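Here are the chains, one letter per residue:
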Amino acid sequence: MSLFKFHSPFLDDIKSKGVIPASLAKVNETVERLTAGLDIQDIRSMLRGDPAPRPNPRVKPHADSFWFHMRPTYYHNLVAGLYPSFRLGWFSTYFFFFETITGVILMFYYTPSPLVAYENMLNILGNVPFGRLMRDMHKLGAELMVLVVCLHMLRTFITGNYKKPRQFTWFTGVVLLLVTLFLSFSGYLLPWDQLSLWAVTIGASMAEAIQPEAVGVVANLLLRGGPQFNANGLLRWYLGHVLLLPLVGFIFLGVHYYKVVIHGHSLPPEGEAVGEDTAKRVPTDQRTYFMPDVITRELFYFSVTTFLMVAACVFFYHAPLEPHADPLVTPLHTTAPWYWLWLQGMLKVGDKFFFGVIMPGIIFNGLMVIPYLEVGPSRRYGDRRIGLTMGFITCAVLAILSYMGTARYAVSSSPDQEVVAELLPQVEPGPLRESNWEELTVGVWNTEQYSDASLNPTMQHLLGVYHEELEHAKSNPKCIRENKCLTDGEGVMTIENWQDGLKKITFRLTWDGGPGTDRVCAPGAQHEFCQTAYLHRLSNYAQGE
Amino acid sequence: MTRREFLYYLWAASMALSMAEIGGAILWFAVPRFKPGEFGGVFELDVTAVPPPDTGPKAFDAGRFWLVNLGDKDVTDANLKEVAGLPYAEQQKGIKALYKICVHLGCLYKWVPTNYRFECPCHGSKYLPSGVRIGGPARRNLDVFVIEAMDASGKVLSKTEARFDGQDGTAIDITGAAKLRINTGQKITGSPNSVPGVA
């Protein structure tokens, strides 16, 4: 009978205690194993808000569990809340994971090939349930991640937290900033629209400016995957976006956060004496324990941010998709994403090797070594006047350069093209495409009719914009000086029913008499500019709102 | 140093060397190989495809070039004052095949008839029909492809040459020519042209 010995402590427990008490004890034991140290009583005591018993069982998971061992057991009271760090590092991490999750979901319906990438985007936007929401959230999350990471860096700089012994933490942070910027930028190419192609073409051409020339040529080829962007280049940027950069990001995030935890969260400058570092010797009466206080706050930040992201993308924000990439046309007013505008501004004023390679190199290397240069022991604002002044000057210069990077600075085309570009821009949908298709009235309309009350609101609005831009162009001081104004300029907008459900809209500007009524929009005409757009009833540029 | 320590250093050095070799192999692997394809080949055009003088350029997308026919008006363009004193301020009449890519950062510059010049939509470089840079961040004139003008029998009458130090292609006279051969595999880069004070 005892050939096979059968062990079952649980059955023994049932025998001795009865079914229900033994089962409850078993459940309790399972919970304690899953939480690496907290049983049901401990958890309920936390949820009730009881003070921690002594010895405190709530610190056990920090020693025994994988996930909690990465988090500090307690924070100093001064840094446990939203102020003074604004938890920007936490939010950066949040967006890193948010982007990873939404990105992986988008990968289900995306193939990195110029043949189908754009079609995949249309499918995601128009056909896949929640597809547009996922793309909007991924894009908005990317923009916010750049913003949050930059603010995180600025805040760390202002409060001087990068001073000894935290210099290396800052260094890895700059690497993470670069990873963030390139992650966001590499995502640009993937939809294979006009914005993608030309933003990334400029980026790769900057690599080409590296001296000596042979290095630049090879760097350019490596980035483009050929003499011009095509299937190879798209695949490279895709792999960089979904594999290489996230991998580098995860590794440096690990190093960065490890350093944060071993050095502790630095107190605000006024919170401790100069030269002291309280973070590793937090007095017992100044501690806010991770469980339950900090984790509750973090769950709250998580819930609110996720809710706001979803709400923003459902009601307000929609990621743009431009026309299909066209290697033969660079759209007017092409600009870099906002966080690279300062670079585009610099590139407009000078040499591409100096401003496109040397200067960014100096800026990012300079950022990495700041903590090793600013070695004064005090983090008080009053003791850091030079450093803080230089920091704010840098911010101001970046703001000015960013303005110079916009299309308003030094790239405006001839006044006739600029007028039409206000109605029918080449890098965004603009007033015409976003207008109500049903209200585009067939006919020939002059800008002077903008105040005609018998027209519907859409036509009044479009003609109003057209009229205003035309008058604005006529009174432009620069073109008056160069005597190139649209003298006697006249604007006409023709709307025709082209096919069933398709309207053809022609903007025609004439000046100095124009070519005459018998030659409308003929090629090579003088004193005339024409641009045509076709709009389908279902184009849905207004995006349903 | 003991023999053991020495052998460790030797081992470390050989590991570093093989890592460098692997890195080099990966780079070599990643450098794309490509055939020049259509672009990079020779395009043969009839002279009737050439636009009349002073009428602005004509685009040839497959060969990625603009064909310009510089006439009296083009060579005396008022904007040439921007480069006064520089060698290429003196312009030649004739035809040129301008490579369509902006020499700044690779965008496609476009022809703006109202301003009668090329303008780049990305960073605002400006060029005359002759390819001379007159503004913006570009640092040289436009690149050109070599054109050969041939008569009906195939004899080469004139050919694009470099004007200065192997740079800046000449405009060629095509009187009497019947055909043009534009070699998009042979590019002459524009002369350095960075005029202080011109934005």
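Residues numbered from 1 in each chain as written. Chains lettered and ligands numbered in written order. Predicted model: local features only at pLDDT ≥ 70, side-chain atom pairs only at ≥ 80, totals over all residues.

Some remarks on the overall build of chain B
Logical step 1: In terms of helices and strands, chain B carries two helices and 13 strands.
Logical step 2: Computed over C-alpha atoms, the radius of gyration of chain B comes to 24 Å, more than 25% over the 16 Å expected from 2.2 N^0.38 for 199 residues, which places it beyond the range of a compact globule.
Logical step 3: Its C-alpha atoms put chain B at 85 × 50 × 30 Å along the principal axes.
Logical step 4: The 199 residues of chain B split such that 37% are buried.
Logical step 5: Considering only residue pairs separated by 6 or more positions, chain B has 59% of its internal contacts joining residues 24 or more positions apart. (Helix = DSSP H or I, 4+ residues; strand = E, 2+ residues; numbered from the N terminus. Rg over C-alpha atoms; globule rule 2.2 N^0.38 Å. Buried ≥ 20, exposed ≤ 12 C-beta atoms within 10 Å, placed from the backbone. Contact = placed C-beta atoms within 7 Å.)

Quick look at the overall build of chain A
Logical step 1: Of the regular secondary structure elements, chain A holds 20 helices and six strands.
Logical step 2: For chain A, the C-alpha radius of gyration of 31 Å lies well beyond 24 Å, the compact-globule estimate for 545 residues.
Logical step 3: The principal-axis extent of the C-alpha atoms belonging to chain A is close to 105 × 65 × 50 Å.
Logical step 4: Relative to its full complement of 545 residues, chain A shows a buried share of 33%.

Looking at the sheet that holds strand E7 (residues 126-127) of chain B
Residue and element names in this part refer to chain B.
Logical step 1: The strand order across the open sheet built from four strands is E5-E6-E7-E8, with neighbouring strands paired in antiparallel fashion. Edge positions in the open sheet fall to strand E5 (110-112) and strand E8 (133-135), since each of these has one partner strand only.
Logical step 2: Here E7 pairs with E8 via two bridges, running antiparallel. Residue Lys126 lies in a different strand from E8, and its bridge partner there is Gly135. (Pairing = 2+ DSSP bridges.)

A word on the environment of Pro377 of chain A
All names here are of chain A.
Logical step 1: Tracing the chain through its elements places Pro377 in the loop between helix H15 (352-373) and helix H16 (385-405).
Logical step 2: Overall, Pro377 belongs to the exposed group, with 11 C-beta atoms counted inside 10 Å.
Logical step 3: C-alpha of Pro377 to C-alpha of Gly160: the two residues are 217 residues apart in sequence and 9.8 Å apart in space.
Logical step 4: Setting aside its immediate chain neighbours within four residues, Pro377 contacts Val274 and Gly275.

Details of the sheet that holds strand E5 (residues 502-510) of chain A
Residue and element names in this part refer to chain A.
Logical step 1: On the basis of which strands lie adjacent, the open sheet formed by four strands has the order E3-E4-E5-E6 and antiparallel pairing. The open sheet has two edge strands with one neighbour each: strand E3 (443-446) and strand E6 (528-536). Strand after strand, the sheet turns through a mean of 15 degrees between neighbouring axes, direction not considered.
Logical step 2: Relative to E6, E5 is paired through nine bridges, and the arrangement is antiparallel. The residue of E6 that forms the bridge with Thr506 is Thr532.
Logical step 3: Against the sheet, helix H17 (residues 415-423) makes contact with E5 and E6, and its axis sits at roughly 150 degrees relative to E5, the strand it touches most.
Logical step 4: Lying on the sheet, helix H19 (residues 457-474) is in contact with E3 and strand E4 (490-499); it crosses E4 at an angle near 145 degrees. (Axes fitted to C-alpha atoms, helices over the stretch in contact; angles between N-to-C directions.)

Quick look at the interface of chain B and chain A
Logical step 1: In this complex, chain B contributes 21 residues to the contact, which on the side of chain A involves 33 residues.
Logical step 2: Across the side of chain B that touches chain A, the residue classes tally to 12 nonpolar, six polar and three charged. (Nonpolar A, V, L, I, M, F, W, Y, C, P; charged D, E, K, R; others polar.)

Quick look at the pairing of strand E4 (residues 94-99) of chain B
Residue and element names in this part refer to chain B.
Logical step 1: Counting buried positions along E4 gives six out of six residues, so the element sits mostly inside the fold.
Logical step 2: Both strand E3 (residues 65-70) and E4 contribute to a ladder of six bridges, which runs antiparallel. By the bridge assignment for E4, Leu67 is matched with Ala97.
Logical step 3: Across two bridges, E4 lies against strand E9 (residues 144-150) in antiparallel orientation. Looking at the pairing, Ala97 lines up with Phe145 of E9.

Re the confidence of the model for chain A
Logical step 1: Per-residue pLDDT for chain A averages 89, and the proportion of residues at 70 or more is 97%.
Logical step 2: Mean pLDDT in chain A bottoms out at helix H20 (residues 477-481) of chain A, which sits at 73, and peaks at helix H6 (residues 88-107) of chain A, which reaches 97. (pLDDT = per-residue confidence, 0-100.)

A word on the nonpolar core
Logical step 1: Counting residues in hydrophobic clusters, the biggest one holds 101 residues, and the most contacted among them are Cys102, Cys107 and Ile147 of chain B.
Logical step 2: The biggest single contributor to this core is helix H8 (residues 131-158) of chain A, with 11 residues. (Core = buried A, V, L, I, M, F, W, Y, C linked by C-beta atoms within 7 Å.)

So, the domain arrangement of chain B
Logical step 1: When its domains are assigned, chain B resolves into domain 1 (1-33) and domain 2 (42-188).
Logical step 2: Each of domain 1 of chain B and domain 2 of chain B has a C-alpha centre, and these two points are 50 Å apart. (Domains from an automatic or database assignment.)

Looking at the environment of Leu424 of chain A
All names here are of chain A.
Logical step 1: If you trace the backbone, Leu424 turns up in the loop between H17 and helix H18 (430-434).
Logical step 2: Note: C-alpha distance between Leu424 and Glu528 (104 residues apart in sequence) is 17 Å.
Logical step 3: Contact partners of Leu424, with chain neighbours within four places excluded, come to Gly430, Leu432, Phe507, Gln531 and Ala533.

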